[in-house]
Amino acid sequence: MDKQDLTGKNILITGASRGIGRFVAVTLASEGAFVLLTGRNSSSLEETASIIRSAGGNALCLTADFSNQDAVFQLASEVKRHISILDVLINNAGQALSAPVGDTTTEDWDRIMTVNARSPYFLSQQLLPLMTGSSLKTIVNIASVVSTQGYPLQSAYSASKHALIGFSKSMARELQDQGFRVHVISPGGVATDMVTRVRPDINQEELIQPDEIAQWILFLLNHRGQGMVDHIQIRRESKLPW
Ligand SMILES: NC(=O)c1ccc[n+]([C@@H]2O[C@H](COP(=O)([O-])OP(=O)(O)OC[C@H]3O[C@@H](n4cnc5c(N)ncnc54)[C@H](OP(=O)(O)O)[C@@H]3O)[C@@H](O)[C@H]2O)c1
């Protein structure tokens, strides 16, 4: 397998202000990539950037709220003002919703679908032209175990992640002749705020650690053979259902 060097590569990571996205950003910046970080909270984004800069890396923060349907189009325009080639897009930003079917409002449904499915779809679409000149041309979409299975109280979240995985599979085949790779990573419970908010009773040490997800992404980016990796499913080895 060819070993790819990430030095000087431009990588956009959504949801980089905390959780999995922050670990991914720090890891890829430590490999020499220039990382573009997005999220809603500018001070948390700056915290990620300062971790990267204090280790000698390069980062740029761009705020965007993906619950606003126009945000990804504005973000794509902004990205084009800063760089002329994008090598890797990591669609990581996402929101969970834990609610019974009967309590899920149309507003909840629209927000979850917009943040978790519509935004990564149209951000990818808008940034494809910027990626055509890259030797990497890679999109990594962070889905979930709920992308392939159903769990109680997760119906809207699960629908959004099924949508994400569905378009990713199609994009992977539609774009492969142009040299693109589209990967999906579907983790079970990862030790971040997302799980703490929904299940404060769970011991974080028993969950998948966010750095593990960063390492899988790094592996996908710097090992490239003839085989296409469509979907990596990472489940917890425990009695927890996810
Ligand atoms: N933790 C898990 O157990 C787990 C398991 C499977 C899959 N995942 C998926 O992994 C991804 C990252 O999750 P995480 O665990 O790291 O969650 P997290 O700690 O809650 O972080 C979520 C990230 O997404 C950003 N985000 C949320 N809503 C946004 C919006 N409306 N517009 C723009 N950015 C937004 C947040 O930034 P701001 O708050 O600054 O906007 C934050 O950086 C998500 O797609 C999630 O579905 C997580």
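The coordinates are above.
Nothing here was measured: the structure is a model prediction, and the numbers come from that model. (Residues numbered from 1 in each chain as written. Predicted model: local features only at pLDDT ≥ 70, side-chain atom pairs only at ≥ 80, totals over all residues. Heavy atoms only, no water.)

Before going further, it helps to spend a moment on the layout of surface pockets. If a probe as big as a water molecule is rolled over the atoms, it shows which places are left empty. Size it by volume and the largest pocket reaches roughly 1,100 Å³. As for the largest pocket, its lining consists of 47 residues, of which Gly94, Gln95, Ala96, Tyr157 and Met194 are closest to the centre. Counting residues per element, the lining of the largest pocket draws most heavily on helix 6 (residues 193-198), at five residues. Taken together, the residues that form the lining of the largest pocket break down as 22 nonpolar, 18 polar and seven charged. (1 Å grid on protein atoms, 1.4 Å probe; cavity = no way out; pocket = protein on both sides within 12 Å on 5 of 7 lines; lining within 4 Å. Points joined across faces, edges and corners; volume = space filled by probe spheres on them. Helix = DSSP H or I, 4+ residues; strand = E, 2+ residues; numbered from the N terminus. Nonpolar A, V, L, I, M, F, W, Y, C, P; charged D, E, K, R; others polar.)

Residues in contact with the ligand amount to 32 residues; listed here are only the nearest, Arg18, Arg40, Tyr157, Val190 and Thr192. The contact in question runs from a nitrogen atom of the ligand to an N or O atom on the side chain of Asp65, over 3.0 Å. The side chain of Lys161 places a nitrogen or oxygen atom 2.9 Å from an oxygen atom of the ligand. Alone, the ligand offers 880 Å² of accessible surface; in the complex the protein occludes 97% of this. Judged by its atoms lying within 2 Å of the grid points, the ligand is housed in the largest pocket. Looking at the shell around the ligand, the elements that each hand over two or more residues are helix 1 (19-30), helix 5 (155-175) and helix 6. Grouping the amino acids of the shell around the ligand by side-chain chemistry returns 13 nonpolar, 13 polar and six charged. (Near = heavy atom within 4 Å. Polar contact = N/O pair within 3.5 Å; in protein donor to acceptor, adjacent residues only side chain to side chain. Areas by Shrake-Rupley, 256 points an atom, 1.4 Å probe, with all protein chains shown as cover. Sits in = over half its atoms within 2 Å of the grid points.)

Bear in mind that shape data such as this cannot, by itself, settle questions of function.
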